[in-house]
Amino acid sequence: MFQFLPGEFTNWAVRLLLAQGVIVLLLLLNVISFYLPHAGDFKPFFLLMAVYYWAIYRPTVMPVSYTFILGLIMDLLSGLPPGLNALILVGLQTSVRRSRLFLMGQPYIMVWLGFALVSIAYGLALWLMTSLFSFGPASFSALFQTLIATLLSVFIFPLASLMLHGVHRILPVTSKPLHSVG
Amino acid sequence: MKRRTRSKVYVRFSPLQYIGSGQAPVIFMLAATLLLTVSFVRPGVFGGIRSSVTDMFTPALIALSEPFRQISVVQTGITSLSELRAENTQLKAENARLKEWYQTALMLESENQSLHALLNVKPDPAHRFITARVVADSGNAFVKSAIVAAGENDSVMKGQAVLSGEGLVGRVIEAGQSSSRVLLLTDVNSRLPVLVEGSRQKAILAGMNTDMPALKYLPVDADIKDGMRIVTSGNGGMFIPGLPVGTVIVKDGLPYVKPYADISRLTHVRIVDYPEDPYLIEGSGAPR
């Protein structure tokens, strides 16, 4: 028999919303102005960190449809052609999910290394696709800036994963709001 | 006799379930590719959606960027006593120099006014400034744009020139209700009609995705030297003529422009509320 318990439901909803809130926060961090010189050019891939972490440890937190929508929002906000981030993020998420069982059993340094590979792939894919749209001498300076952004992302990832790990610990065990009694 | 009960098997089919079973990535990647193809063929088709999404997120962007702005204010505010002394001496000297310039400017202004009156010159249409906060940058190396927290509600319109305190920054390319997107003059897609002050030579300022945009379409025999001032030419009715842009720097025989504005680090901008085509403005005495 299932019984609806309002207190439990609120608890469950708040915890799930926190996880989603952190993901949206990372998306917005990717876009907001830090008011530092060149911060926009070398900005780390914050959203990619969330995509990578949840693809390994809790794929149900970020379904593919959700990643697609977040990628699309990021494209629209950052002035890139719509669908670019959506395509790359969904692609990378799927490939990380394929190897999640392997990565889950590894020490943290391997997970970090995995992220380094994923962010290199992300940066290169972003560069290749934008170069398709407009290729010129400017593409090379963009490649250099993207590589620096990739390096920064790899250095910042432990911090982000620490935060996501904190969120992971308070996530409800079940993804269903109804509590089973009796 | 015991009745034999058949176990019933319920089969439920829903298309959503099918999508969720492993086909989802393929379907969403196809959708993204389709969107990309559309934006490749018709780049402007998503403009409306882009500005509404930006409008929707602007409150969150303003709230989230505020702590970073505060940090930046504090960071620029911290200076040592010796630095303050040096700055003070420098400012005093500059003030004395500017006072002389102020007198010269007043004299020139009155002379200019009387000459205008003599020649019966048609005055330029009046313009005003809209000051807005920069809340977001593009966040990547491929697009140099910024989102400012002012839109059509504040009479910001597509095509208007955007300045920082020092000089031209770019132009408005999309205006939503409460936010608008500024294409910075360093972006690879930015092309602005400019004028080399002194030689009166017209050129196009083309963004290169680096700090210094290039000066293009100059005649071969154009005499361009380091330190020449670049201002907007006002050609095509796009901007007010004479907005300060930057100074020329010749590198490897090619002219580049170092903008007066620190484009890599913008906090506030001024948007020039100026009619896009001044020749369409009716003369004085016409009904408003």
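> Before we go on, may I ask you to explain the overall build of chain B in this structure?
A tally of helices and strands in chain B yields 3 helices and 12 strands. Taking as baseline every contact in chain B between residues at least 6 positions apart, the subset at least 24 positions apart corresponds to 57%. Total accessible area on chain B is roughly 18100 Å²; 59% of this is exposed by carbon and sulfur atoms.

> Would you mind going over the nonpolar core with me for this structure?
Most often, soluble globular proteins have nonpolar side chains that are buried together. Judged by nonpolar contacts, the single largest core of 68 residues is most densely connected at I23(A), L47(A), L48(A), Y52(A), W54(A), Y122(A) and L61(B). Excluding residues that lie within four positions of it along the chain, I23(A) makes contacts with L47(A), A50(A), W54(A), V61(A), M62(A), Y66(A) and L70(A).

> Would you mind going over the packing of helix α4 (residues 84-98) of chain A against helix α6 (residues 108-133) of chain A with me for this structure?
Geometrically, a packed helix pair is captured by the angle between its two axes and the distance between the axes. All names here are of chain A. Contact pair α4 / α6: the axes reach a minimum separation of 10 Å and the direction vectors enclose 150 degrees. Classified by the interaxial angle, the pair formed by α4 and α6 is roughly antiparallel. α4 and α6 meet at a crossing whose hand is right-handed. Across the interface between the two elements, L84, N85, L87, I88, L89, L92 and V96 from α4 touch V118, A121, Y122, A125, L126, M129 and T130 from α6. Of the residues in the contact of α4 with α6, the class split is 12 nonpolar, 2 polar and no charged.

> What should I look at first to understand the interface of chain A and chain B in this one?
With 48 residues of chain A in contact, the opposing surface of chain B contributes 49 residues. Roughly 4100 Å² is buried in total at the junction of chain A and chain B, and carbon and sulfur atoms are behind 71% of that figure. Of all residues in chain A, Y35(A), L76(A) and L77(A) bury the most surface against chain B, accounting for 19% of the area lost on that side. Across the chain A-chain B interface, the total number found is 2 salt bridges. Here K43(A) and D137(B) are joined by a salt bridge, their closest N and O atoms 2.9 Å apart.

> Before we go on, may I ask you to explain the packing of helix α1 (residues 6-29) of chain A against helix α3 (residues 64-78) of chain A in this structure?
Residues and elements named next belong to chain A. Where α1 meets α3, the axes come as close as 10 Å, and the angle between the chain directions of the two elements is 30 degrees. Classed by the angle they form, the pair α1 and α3 counts as roughly parallel. Our pair here, α1 against α3, has a crossing hand that is right-handed. Mapping the contact onto sequence places Q20, I23, V24, L27 and L28 in α1 and Y66, L70, I73, M74 and L77 in α3. Its residues placed into classes, the contact of α1 with α3 shows 9 nonpolar, 1 polar and no charged.

Parameters and conventions
- Residues numbered from 1 in each chain as written.
- Chains lettered and ligands numbered in written order.
- Predicted model: local features only at pLDDT ≥ 70, side-chain atom pairs only at ≥ 80, totals over all residues.
- Heavy atoms only, no water.
- Helix = DSSP H or I, 4+ residues; strand = E, 2+ residues; numbered from the N terminus.
- Contact = heavy atoms within 4.5 Å.
- Areas by Shrake-Rupley, 256 points an atom, 1.4 Å probe, with all protein chains shown as cover.
- Core = buried A, V, L, I, M, F, W, Y, C linked by side-chain atoms within 4.5 Å.
- Buried < 20%, exposed > 50% of the residue type's maximum accessible area, 1.4 Å probe, protein only.
- Axes fitted to C-alpha atoms, helices over the stretch in contact; angles between N-to-C directions.
- Parallel < 35°, antiparallel > 145°, perpendicular 65-115°, else oblique.
- Left-handed = near helix turned anticlockwise from the far one by under 90°.
- Nonpolar A, V, L, I, M, F, W, Y, C, P; charged D, E, K, R; others polar.
- Buried area = accessible area lost by both parts, 1.4 Å probe.
- Salt bridge = Lys/Arg side-chain N within 4 Å of Asp/Glu carboxyl O.

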